[in-house]
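These are the residues of each chain, in order.
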Amino acid sequence: MTARGKKTVRDLRRGSRSTLLRRLYFDGPLSRQELGSITGLSAGSISNVTGELLADGLIEECGSVESDGGRPRILLRVAAGRAHLVGVDVGETQVRVALFDLARTELAASDRPLDDRGHDAGHVAELILAGLAEVLERTGTDPGTVLGVGVGVPGIVEQGIVGQGIVGQGVVGHGVRSGAGGEAGGAGAVVHGQTVGWDAVPLGRMLRAGTDLPLFVDNGAKTLGQAEMWFGAGRGARHAVVALFGSGVGACVIADGARFRGATSSAGEWGHTKVHVGGRRCRCGARGCLEAYVGAEALVARWGAAPPGGGEKAGLAALLAAAGAGDPAAVALLDEAAEYLGAAIADLVNLFNPERIVIGGWAGLLLGPRLLPGIRAAATEYALRFPREQTEIVLGTLGPAAVTVGAATLPLSDFLDSGGEFPRRADAAATGAGATGAAAPAGLWA
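Presented here is a report on the structure given in the accompanying data block.

### Looking at the state of the cysteines
A disulfide bridge is the covalent bond that connects two cysteines by way of their sulfur atoms.
Okay, so step 1: Applying the stated criterion across every chain, the model contains zero disulfides.
Okay, so step 2: Sulfur of Cys 284: no disulfide; nearest cysteine sulfur belongs to Cys 289 and is 3.8 Å away.
Okay, so step 3: Of the residues examined, Cys 284 reaches a relative accessible area of 17% and is grouped as buried.

Set out below in structure tokens:
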């Protein structure tokens, strides 16, 4: 028996594979010599591990560079087509399911609007499973190459088995694995989404009934944060906050390169901090929440002049257009929103002392160009001077699909942690579902 805490040869090998895969994924292409310098692994280890990864088809040669007086150095990179990732964004008005290769190239996407059942949990699970089946079928993707399905949801996720770590200049994922071998006590991921009426919804178990692919579930603001930290405006920061503005408001707090989750994984519910005691009623049921003043739903409702039946995006666009045309009510509302946001960001500066605050989400990116100067000015007015001087406030760079991309990084993180091991899928016979993620039988969640 191996002594507690003592690493086996298998552990060391997996660690070396993980180290090299991560470096090639985030910083590649790189030569073997560069990998040795960056990782500190011996030339022999580099040669052996890269040989294994090449044989497994996980990395590939991609050209060469001249060396000083010797033979050209062969460059290596992760093989983008070797595996696939699925990201799911359970949004305010639709469920988006997207299939990516390892280079994050979107191969197919399925956008399925919520019907009159809204965020009914069974309805959402059906849309996820139907979208999953659609993207796999449209691309002819072998389910055996899919590393997992990451799902970003509104609300707090009770975590099961959590993978975590730090990679270079970005944060490594924390996802709930409720796939094969990863269920927490058989329950899987449980979601508490107060604003959408979810009370301990066993989403992991519900999805498991319709697919045997590994499942990873996390809060949508946290998946947005992971995407921006890995690939977007947060890259290079060790202390940051990534804020999501959509219909609601949330945040992902990064402390020393790792996501801060709190005792029960509910840290980051920034939209429900209070900006006006006894103020407007929020979707959560409380009064005076930040979300009740700056969320897209609240802004459109407060303006009251949006075109009927156009939805929140059309309403915000109309609000911006009206402000651009000099409408006093629209200008005043957006100026007030900028001040509320700046004051709330000042709280983040004072509490967490981040070096960077990233504003993302579809509403944040839509409103950001107009509101950002006012947000920065208000943050400067309300924050302590010294930490504010150390904090930059910027817009996200990954666009409105960043939640979906971030959800896809949940299985990717697990894959990199394992050194490139393909996950074992659940027993399809036991779950009554095939490998394609087809929708479960009708009435399953009735």
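### Some points on the layout of surface pockets
Okay, so step 1: When its volume is computed, the largest pocket comes out at roughly 920 Å³.
Okay, so step 2: Taken together, 48 residues form the lining of the largest pocket, with Val 90, Gly 91, Glu 92, Pro 154 and Leu 244 sitting closest to its centre.
Okay, so step 3: When its residues are assigned to classes, the lining of the largest pocket shows 17 nonpolar, 21 polar and 10 charged.
Okay, so step 4: For the second largest pocket, the calculated volume is near 190 Å³.
Okay, so step 5: Listing elements by their share of the lining of the second largest pocket, those giving two or more residues are strand S16 (249-255) and helix H10 (328-352).
Okay, so step 6: By residue number, the principal contributor to the lining of the second largest pocket is H10, which donates five residues.

### Notes on the pairing of strand S3 (residues 73-78)
Okay, so step 1: Inspection of the sheet shows strand S1 (residues 30-31) paired to S3 by two bridges, in the antiparallel sense. Along S3, the bridge assignment pairs Ser 31 with Leu 75.
Okay, so step 2: Where strand S2 (residues 59-65) lies against S3, five bridges are found, and the strand directions are antiparallel. Its bridge partner being in S3, Ile 59 is matched across the sheet by Val 78.

### A closer look at the packing of helix H8 (residues 296-303) against H10
Working note: a packed helix pair is described by the angle between its axes plus the distance between those axes.
Okay, so step 1: For the pair H8 and H10, the least separation of the axes is 10 Å and the interaxial angle reads 150°. Of the possible angle classes, the one that applies to H8 and H10 is roughly antiparallel. Judged by the twist between their axes, the crossing of H8 over H10 is right-handed. On the side of H8, the interface is formed by Leu 299, Arg 302 and Trp 303, while H10 contributes Ala 330, Leu 333, Glu 336 and Ala 337.
Okay, so step 2: Grouping the amino acids of the contact of H8 with H10 by side-chain chemistry returns five nonpolar, no polar and two charged.

### Concerning the side chain of Asp 218
Okay, so step 1: Considering the arrangement of structural elements, one finds Asp 218 in strand S14 (residues 215-219).
Okay, so step 2: A polar contact is formed between the side chain of Asp 218 and the side chain of Arg 259, at a distance of 3.2 Å.

### Description of H8
Okay, so step 1: Buried within H8 are the following residues: Ala 296, Ala 298, Leu 299, Val 300 and Trp 303.
Okay, so step 2: One or two residues past the end of H8 sits Gly 304, with phi positive at roughly 75°.

### Looking at the side chain of Lys 222
Okay, so step 1: Considering the arrangement of structural elements, one finds Lys 222 in helix H6 (residues 220-231).
Okay, so step 2: Asp 218 provides the closest opposite charge to the buried, salt-bridge-free Lys 222, at an N-O distance of 5.3 Å.
Okay, so step 3: Each residue touching Lys 222, except ones within four places of it in the same chain, is listed here: Cys 252, Arg 259, Arg 261, Ser 265 and Ala 267.

### A short note on the sheet that holds strand S18 (residues 356-360)
Okay, so step 1: Taken together, the five strands give an open sheet; going across it, the order is S17-S16-S15-S18-S19, and neighbouring strands pair in mixed fashion. Every other strand in the sheet has two partners, leaving strand S17 (258-259) and strand S19 (392-395) as the edge strands with one partner each.
Okay, so step 2: With six bridges connecting them, strand S15 (residues 240-245) and S16 associate as antiparallel partners. Along S16, the bridge assignment pairs Ala 243 with Ala 251.

### With respect to a nonpolar patch on the surface
Okay, so step 1: A contiguous nonpolar surface patch, about 320 Å² in accessible area, is contributed by Phe 260, Leu 351 and Phe 352.
Okay, so step 2: Turning to its location among the elements, Leu 351 is positioned in helix H10.

Cut-offs used in this document
- Residues numbered from 1 in each chain as written.
- Predicted model: local features only at pLDDT ≥ 70, side-chain atom pairs only at ≥ 80, totals over all residues.
- Heavy atoms only, no water.
- Disulfide = S-S within 2.5 Å.
- Buried < 20%, exposed > 50% of the residue type's maximum accessible area, 1.4 Å probe, protein only.
- 1 Å grid on protein atoms, 1.4 Å probe; cavity = no way out; pocket = protein on both sides within 12 Å on 5 of 7 lines; lining within 4 Å.
- Points joined across faces, edges and corners; volume = space filled by probe spheres on them.
- Nonpolar A, V, L, I, M, F, W, Y, C, P; charged D, E, K, R; others polar.
- Helix = DSSP H or I, 4+ residues; strand = E, 2+ residues; numbered from the N terminus.
- Pairing = 2+ DSSP bridges.
- Axes fitted to C-alpha atoms, helices over the stretch in contact; angles between N-to-C directions.
- Parallel < 35°, antiparallel > 145°, perpendicular 65-115°, else oblique.
- Left-handed = near helix turned anticlockwise from the far one by under 90°.
- Contact = heavy atoms within 4.5 Å.
- Polar contact = N/O pair within 3.5 Å; in protein donor to acceptor, adjacent residues only side chain to side chain.
- Lys, Arg positive; Asp, Glu negative; His and termini not counted.
- Salt bridge = Lys/Arg side-chain N within 4 Å of Asp/Glu carboxyl O.
- Patch = residues over 30% accessible without salt bridge, like charges linked within 9 Å, V, L, I, M, F, W, Y side chains within 5 Å.
- Areas by Shrake-Rupley, 256 points an atom, 1.4 Å probe, with all protein chains shown as cover.

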